[in-house]
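# Notes for the structure review
If you want the building blocks of each chain, they are given just below.
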Amino acid sequence: MKLIIIAWRNLWRKPWRTVITSGSIFFGVLLSAFMTSMQYGSYESMISNVVKFYSGYLQLFTEEYHENKTINNTFILNDSIKSILDNEKGITHYTKRLEYFSLASSDEITKGSVIIGVDPSGENEVTGLKKWVKEGTYLDNNSNGVLVATDLAKYLQVGVGDTIVLYGQGYHGVMAAGVYPIKGILKFPSPELNKQFIYMTLNESQELFSAQNRLSSIVIMVEDNYHLPPVLKNLKREIKSPYMIRSWAELQPELVQMIDGDRAGGYFMKSLLYIIITFGILGTILMMVSERKRELGVMIAIGLQRSKLSIILFFETLFIGIIGAITGLAVSIPICYYYFKNPIPLTGDAASTMVNMGIEPFMYFSMQPDVFYTQAFIVFIITILISIYPVVKSYTLGLTSSLRA
Amino acid sequence: MNVIEIKSLTKIYNGGEVKVKAVNGIDINFKQGEFTAVVGPSGSGKTTFLNMLGGLDRPTSGEVIIGGVNVWGLSSRQLIDFRMNNIGFVFQSYNLIPVLTAGENVEFIMQLQGKPKKERDLRTKELLEAVGIGDRIKSRPSKLSGGQQQRVAVARALASKPEFILADEPTANLDSSSTTSLLELMSQMNKKFNTTFIFATHDQRVMDKARRIVTIEDGKILSDEYFDRE
């Protein structure tokens with residue numbers, strides 16, 4: 001105990017030096033936590049936008065559909081799959097879809113389109129489809145109308161109340177054809193979706209493609225991305241061939257790559273920051289040891305074992321790290337929490353670009369615990385590494401030379 | 001009874017191609033309760049001799065036997081424990097631990113010995129009172145004068161109840177009155193606790209107090225005289 005008290009008091013022999021060294025750690029932790037919180041916040045926002053826009057956190061389909069997205073590879077939801085989904089506690093919602101391609105025609109114009117049959121209320125819970133209705137009304141289970149994406153509607157020169165003809169190939173090559181009134185016009189943030197999407201009720205789509213009770217996929221939602229891994233693990237374990245489950249990350253690897261690339265940039269910046277801090281602490285520790293050579297020699301001479309001396313020097317290094325890390329976290333947590341609750345609004349071109357991409361123009365922050373404990377862990381590792389020097393020094397200190405110092 | 005037996009003690013420093021014999025085959029014994037000054041000109045080898053005697057500097061050859069233990073046959077760890085339990089040190093520059101109070105400096109060595117708190121507190125108080133600074137028990141070294149710091153150093157040296165105390169130029173940084181009172185104090189401690197004191201010194205006042213004076217020159221004992229002093 002006395003050794004730790006000596007270490008603590010040694011720190012305050014030159015208070016300004018300790019304050020400055022701990023201060024460098026404080027600012028390092030603060031900046032790093034702030035930067036990480038902002039990075040994680042933007043990833044969470046991106047992922048949330050992607051999954052809540054269309055893909056969901058998870059999708060269930062058949063292995064054949066995964067390989068070849070044709071209506072012949074769709075499936076009928078059986079009780080066993082339904083029971084697995086209903087019993088998985090991590091799932092907040094799931095909704096059924098039947099997707100296929102068809103030609104859409106107005107009076108004189110025809111265009112290829114993607115037909116998506118959905119459960120109107122379920123789809124709205126999962127992806128908030130209703131909010132993209134620009135004109136007209138949203139689907140209900142009893143309606144036989146369709147929602148047409150805005151650019152497609154313009155191309156076909158149709159509007160709410162007009163009718164369009166859908167025709168193509170149904171299940172097992174059956175002719176698929178139908179006439180549908182337009183209930184509403186959808187305007188998505190994505191131009192690609194605006195050019196080709198048509199939504200109708202699941203029943204109508206199954207009727208159109210002669211694919212009674214058949215589904216192309218089930219879209220599954222969980223609380224957030226941090227709750228995904230256990231649900232994914234459970235479902236992958238329980239759902240057997242010919243069905244398969246895929247996460248948003250597996251369905252959209254390009255987004256994962258983008259996040260990984262950005263994360264690597266963040267790691268680089270933080271590494272630079274921590275390298276600078278490391279040399280700052282090392283300089284202080286070198287000074288603290290070299291200017292006390294005689295004192296350390298005296299302590300060994302009068303009977304302090306070198307192992308105990310190394311404990312004193314180790315704790316001196318550790319205390320500097322702890323002071324910096326704790327104060328850094330104590331300040332960074334409330335700051336990040338403030339911005340977590342009050343995201344920074346973006347303006348100008350950046351904001352317009354985000355709005356066009358269907359992303360809310362805000363800079364979000366994350367309050368995930370690892371944003372903060374990672375910084376403390378890094379500082380701990382740095383101090384452990386730096387403490388190697390004084391510990392080695394305490395074992396190699398020449399007694400007579402240090403007493404003459 | 002011999003507390004310390006020294007046999008053919010030699011220390012050779014390798015200075016490149018030149019080898020310097022700092023201590024050259026010294027044989028000497030010290031008895032319990034002696035008050036000895038080791039004297040000699042600068043570079044005569046007295047500090048090297050004291051360092052080897054105190055287990056601080058390994059001799060090139062020879063033996064230092066303290067209480068029947070060949071000091072330089074001990075492992076480095078055992079040697080540190082041996083010093084703690086058997087040898088008290090008083091240095092020229094006092095060398096107290098600056099972040100500990102006078103009391104804590106004295107107590108520190110007893111804590112290393114694993115003595116119980118009650119015993120430590122009692123002995124710390126007793127020793128600081130014995131050296132005349134019982135009222136400065138809570139003062140840090142920086143708040144004490146040189147003479148007071150050297151008194152704390154003497155109390156610290158006595159704290160572990162050592163076989164003997166080695167004092168390397170203990171009066172070199174003290175003014176005349178502090179030197180006189182410190183010597184008086186060490187003389188009292190010598191008598192009171194029957195602790196052996198061995199000084200390396202240039203100081204005539206120390207020599208005047210010593211009951212045995214060993215003169216070293218060129219690493220060899222030139223003379224070894226006993227004096228009858230009160």
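Scroll up for the structure.
Reading the values: the criteria
- Residues numbered from 1 in each chain as written.
- Chains lettered and ligands numbered in written order.
- Predicted model: local features only at pLDDT ≥ 70, side-chain atom pairs only at ≥ 80, totals over all residues.
- Heavy atoms only, no water.
- Axes fitted to C-alpha atoms, helices over the stretch in contact; angles between N-to-C directions.
- Helix = DSSP H or I, 4+ residues; strand = E, 2+ residues; numbered from the N terminus.
- Left-handed = near helix turned anticlockwise from the far one by under 90°.
- Contact = heavy atoms within 4.5 Å.
- Nonpolar A, V, L, I, M, F, W, Y, C, P; charged D, E, K, R; others polar.
- Salt bridge = Lys/Arg side-chain N within 4 Å of Asp/Glu carboxyl O.
- Buried < 20%, exposed > 50% of the residue type's maximum accessible area, 1.4 Å probe, protein only.
- Polar contact = N/O pair within 3.5 Å; in protein donor to acceptor, adjacent residues only side chain to side chain.
- Pairing = 2+ DSSP bridges.

### Topic: the packing of helix α2 (residues 15–55) of chain A against helix α15 (residues 369–396) of chain A
Working note: a packed helix pair is described by the angle between its axes plus the distance between those axes. Residues and elements named next belong to chain A. In the contact formed by α2 and α15, the axes pass within 9 Å of each other and the chain directions differ by 145°. You can see that α2 and α15 cross each other, and the crossing is right-handed. Judged by residue contacts, Ile25, Val29, Ser32, Ala33, Thr36, Ser37 and Tyr40 of α2 engage Asp370, Val371, Phe372, Gln375 and Val379 from α15. For the contact of α2 with α15, the residue count by class is 7 nonpolar, 4 polar and 1 charged.

### Observations regarding the environment of Ser307 of chain A
On the secondary structure map, Ser307 of chain A appears in helix α13 (residues 306–341). Sequence separation between Ser307 of chain A and Tyr395 of chain A is 88 residues, and the spatial gap between their C-alpha atoms is 7.4 Å. Every residue in contact with Ser307 of chain A, bar those within four places of it in the chain, is listed here: Tyr395 of chain A together with Arg77 of chain B.

### Focus on the pattern of salt bridges
Applying the stated criterion to the full structure yields 21 salt bridges over all chains. We note a salt bridge from Arg212 of chain B to Glu34 of chain B, for which the minimum N-O separation is 2.8 Å. In this pair, Arg212 of chain B sits in strand β9 (residues 212–217) while Glu34 of chain B sits in the loop between β2 (18–31) and β3 (35–39), placing the two residues 178 residues apart along the sequence. Neither residue differs from the other here; Arg212 of chain B and Glu34 of chain B are each classed as buried. Salt bridges linked by common partners bring Arg13, Arg292, Glu295 and Glu316 of chain A together as one network.

### Section: the environment of His93 of chain A
All names here are of chain A. Structurally, His93 can be placed in strand β3 (residues 91–105). His93 gets classed as partly exposed once you look at its relative accessible area, which sits at 31%. Each C-alpha atom, one on His93 and one on Ile326, is 40 Å from the other, the two residues being 233 residues apart in sequence. Here the side chain of His93 touches Glu125 through a polar contact of 3.3 Å, side chain to side chain.

### A look at the sheet that holds strand β7 (residues 164–168) of chain B
Residue and element names in this part refer to chain B. One open sheet holds the 6 strands; their spatial order is β6-β7-β8-β3-β9-β10, and the pairing between them is mixed. Single-partner strands in this sheet number two, and they are β6 (87–90) and β10 (220–226). Across this sheet, the average inter-strand angle for adjacent strands is 20°, counted without regard to direction. Pairing geometry for β6 and β7, over 4 bridges, is parallel. Within the sheet, the bridge partner assigned to Gly88 lies in β7 and is Ile165. In the packing of helix α2 (residues 76–86) onto the sheet, the strands contacted are β6 and β7, and the crossing angle to β6 comes to about 80°.

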